[in-house]
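# Survey of secondary and tertiary structure
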Amino acid sequence: MSWKTWFGTWGVKQAKERAAAEKASRSTSQATIIEEIKNDDTHPAPGTTPDTGGVAIIHSHHLNQGTSFSARARDELHLKGLVPPAQESIQRQEDRVRAYLNTLSSPLEKHVYLGRLRAEDTALFYRVVVDHLTEITPLIYTPVVGEACQKFSLIYTPGTVEGLFLSIADKDNLDEILSNWPYHAPDICVMTDGSRILGLGDLGLNGMGIPIGKLSLYVAAAGFDPSKTLPVTLDMGTDTEKYLNDPLYLGTRRKRPADEEFYAFVDAVMAAFKRKWPKLLVQFEDFSSEHAFGCLERYRNQYLTFNDDIQGTGAVILAGFINAINLSRTPLPNHRVLFFGAGSAGVGVASQLKEHFIRAGGMSEDAARDAFWLVDSKGLVTFDRGDKLPQHKTLFARRDNEGKQYKSLKEVLEYVRPTALIGLSSQGGAFGEEAVRAMKEFNERPIVFPLSNPATNAECTFEQAMNWTDGKVIFASGTAFPAYEYEGKTVEPGQGNNMYIFPGLGLGAILAKAEHVSDDMVYQTAATLAEALDEEERSHELLYPHLTRIREVSALVAKDVVKAALREGNCDQEDVLKLFGAVSRQPFHDDAVLSDPERNEALLAFVKKRMWDPHYAEDEEVLVGELKHKASL
Ligand SMILES: NC(=O)C1=CN([C@@H]2O[C@H](COP(=O)(O)OP(=O)(O)OC[C@H]3O[C@@H](n4cnc5c(N)ncnc54)[C@H](OP(=O)(O)O)[C@@H]3O)[C@@H](O)[C@H]2O)C=CC1
Ligand SMILES: CC(=O)C(=O)O
Ligand SMILES: [Mg+2]
């Protein structure tokens, strides 16, 4: 052995011994601490982590009433001195939040501050979101949530994230981990494995920002009780080297598993959920495309679940497309739709549109399918292209290309001459001037939907689309673009984002006590959303209702989802069954009864009554009594 090798080996040996000694002392001291805590009946010591007394109320984000506590509440709950003396309305506290947000210069800082607020004072956080949806949604959802995910391991502070991280190594301990969840049985879970977060790729555990953001919208847009929402990230490793090498990365440092291990873990998670919370609705979010389709097929008949990127996106774009068809004045069967991007979202949207072409356009399955062309990273998707197509691409692969392969967008555009160009490719700027001008050349009113997220991944901007089509474009993007002034007129773009669908779909499925989320329930969400435009919105040629109306729209969507469930015998909600004279889990097809205006009003009222509205307790008697009880005073 050379001295260098010997020295190296000795060095490694020394380092190993040191690490082992450190580990032993760490685990001894941790074990000691755990024992001390267990045996110490005075724990927690005063001044450390009180879990009773008035301060527990301030420390509980669900009980906290900010500076709204009345004089009596402050006295009886022992809060005097712990809360500043000013007694303020929730509106005044909202003003403070927004004033402070205005002092922060970066969107990420605003996101972090809002996350802290959610973790400290739930009612105030959601009041701010609900009252200022247009201002706050971009900070807690796309686009800023994209950056927040990329930096999740950097901005993470313990206590601000409430959700479950389920690691693949814990596959056999899932029941125990689920029992650590401290709240009531959740109604809704949004679950990701972080493998395709927005258009940003594989972010591993950092993807947790997405379930949190989506669930904030479940609460804000559809009135889910925040304490019954469960964000979950499946920590199965990442194939992104940057994170594996980042010392601050919070996930398991391993490459992603092969399919067999992947499905064994997700099977175990779904089964554990079912054992612990049999009524839980699980929304799959931002899984890489093949797993997104694979999980949907595997679980849709066994569990209450849906895939947001395939089904939610399909429905939201169908709704916008229905309104776009009216504006284009081209009859439905004459539309030719080109998808740039053939992943879960592209194929999900194409499938939903195809369904509409069949149902509303009276087209055969084959004729409807022929109205769609898909482009992926290799060009137009055809059967004779020479590569093995994954199953989802075969649904729309072309046979009529006569052996010719079309590679560039320019070539495909010239070949297809589409009426609609839909971007779901994550390729920011892919719709250049030439492509968009070509769309205007083919159509009086071209439909151009650059839907990739976040905004930097949009295939073109609203301003570009307006300028390159002489203001004629019918436009929607996934992340909101600002309104644009064109020839003295302010024009508003559409936001084709699944946030108009999943909150209402989830609410309807839960209220119906559905066993499954069916294709009909999903299709219904699109039809209802398309109909939800009011007169003012129609007169401005909008494709989607204003975001400020999203609670009202989600209630309508939920109502119609419940009716779709009734129709197919997928409803077990006693009040609803009584209202329509239906029998539990028996298909109900009486259209006259289902469309009866009074019953529909009553059903809408039933839905709205169940939507949580963020507020502090108004009745002081109840507030003090309840809080005293909860804080064991
Ligand atoms: N607006 C909304 O509500 C929603 C928007 N989205 C957005 O849609 C995008 C795609 O999501 P998803 O389908 O799940 O992702 P995938 O990664 O599965 O799909 C992306 C698709 O784009 C294709 N692509 C990549 N590069 C190019 C290129 N240079 N030219 C042509 N095609 C290309 C890929 O090709 P290949 O198959 O060959 O790799 C793939 O088919 C994301 O940005 C996401 O944020 C998603 C859901 C909802
Ligand atoms: C909006 C959404 O679900 C996505 O971009 O993946
Ligand atoms: Mg998504």
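In what follows, the structure referred to is the one given above.
These figures come from a predicted structure and were not determined experimentally.

Take the coordination of the magnesium ion (ligand 3) next. Coordination sphere of the magnesium ion (ligand 3), protein contribution only: E285 (OE), D286 (OD) and D309 (OD), at 2.0 to 2.1 Å. One chain supplies every donor to the magnesium ion (ligand 3), and in sequence these donors are spaced E-D-x22-D. With E285 in the loop between β4 (281-284) and α14 (289-299) and D309 in helix α15 (residues 308-328), this residue pair connects regions lying 24 residues apart in the sequence. By the burial criterion, E285 is buried, and D309 matches it.

Before going further, it helps to spend a moment on the site of ligand 1. Taken together, 26 residues sit near ligand 1, with R196, S289, S344, S377 and K393 positioned nearest. One nitrogen or oxygen atom from the main chain of G343 is found 3.3 Å from an oxygen atom belonging to ligand 1. Between ligand 1 and N498, the relevant distance is 3.0 Å, taken from an oxygen atom to a main-chain nitrogen or oxygen of the residue. In isolation ligand 1 exposes 920 Å². Once the protein is present, 82% of that is buried. Spatially, ligand 1 is embedded in the largest pocket. Of all the elements in the fold, those that place two or more residues in the shell around ligand 1 are α15 and α16 (344-359). Class assignment of the residues belonging to the shell around ligand 1 gives a composition of six nonpolar, 16 polar and four charged.

Within this structure, the stated rule accounts for 43 salt bridges. One salt bridge in this structure joins D172 and K171, with 3.6 Å as the shortest N-O distance. With a relative accessible area of 69%, D172 lands in the exposed category. The partly exposed category is assigned to K171, whose relative accessible area is 33%. In this structure, E297 and R300 form a salt bridge, with 3.9 Å as the shortest nitrogen-oxygen distance. A relative accessible area of 54% places E297 in the exposed class. Each of D376, K378, R385, D387 and K393 takes part in one network of salt bridges that share partners.

The rules behind the values
Residues numbered from 1 in each chain as written. Chains lettered and ligands numbered in written order. Predicted model: local features only at pLDDT ≥ 70, side-chain atom pairs only at ≥ 80, totals over all residues. Heavy atoms only, no water. Donors = N, O, S within 2.8 Å, 3.2 Å for Na, K, Ca; no water. Helix = DSSP H or I, 4+ residues; strand = E, 2+ residues; numbered from the N terminus. Buried < 20%, exposed > 50% of the residue type's maximum accessible area, 1.4 Å probe, protein only. Near = heavy atom within 4 Å. Polar contact = N/O pair within 3.5 Å; in protein donor to acceptor, adjacent residues only side chain to side chain. Areas by Shrake-Rupley, 256 points an atom, 1.4 Å probe, with all protein chains shown as cover. 1 Å grid on protein atoms, 1.4 Å probe; cavity = no way out; pocket = protein on both sides within 12 Å on 5 of 7 lines; lining within 4 Å. Sits in = over half its atoms within 2 Å of the grid points. Nonpolar A, V, L, I, M, F, W, Y, C, P; charged D, E, K, R; others polar. Salt bridge = Lys/Arg side-chain N within 4 Å of Asp/Glu carboxyl O.

Everything listed here is a matter of geometry and, on its own, says nothing about what the molecule does.
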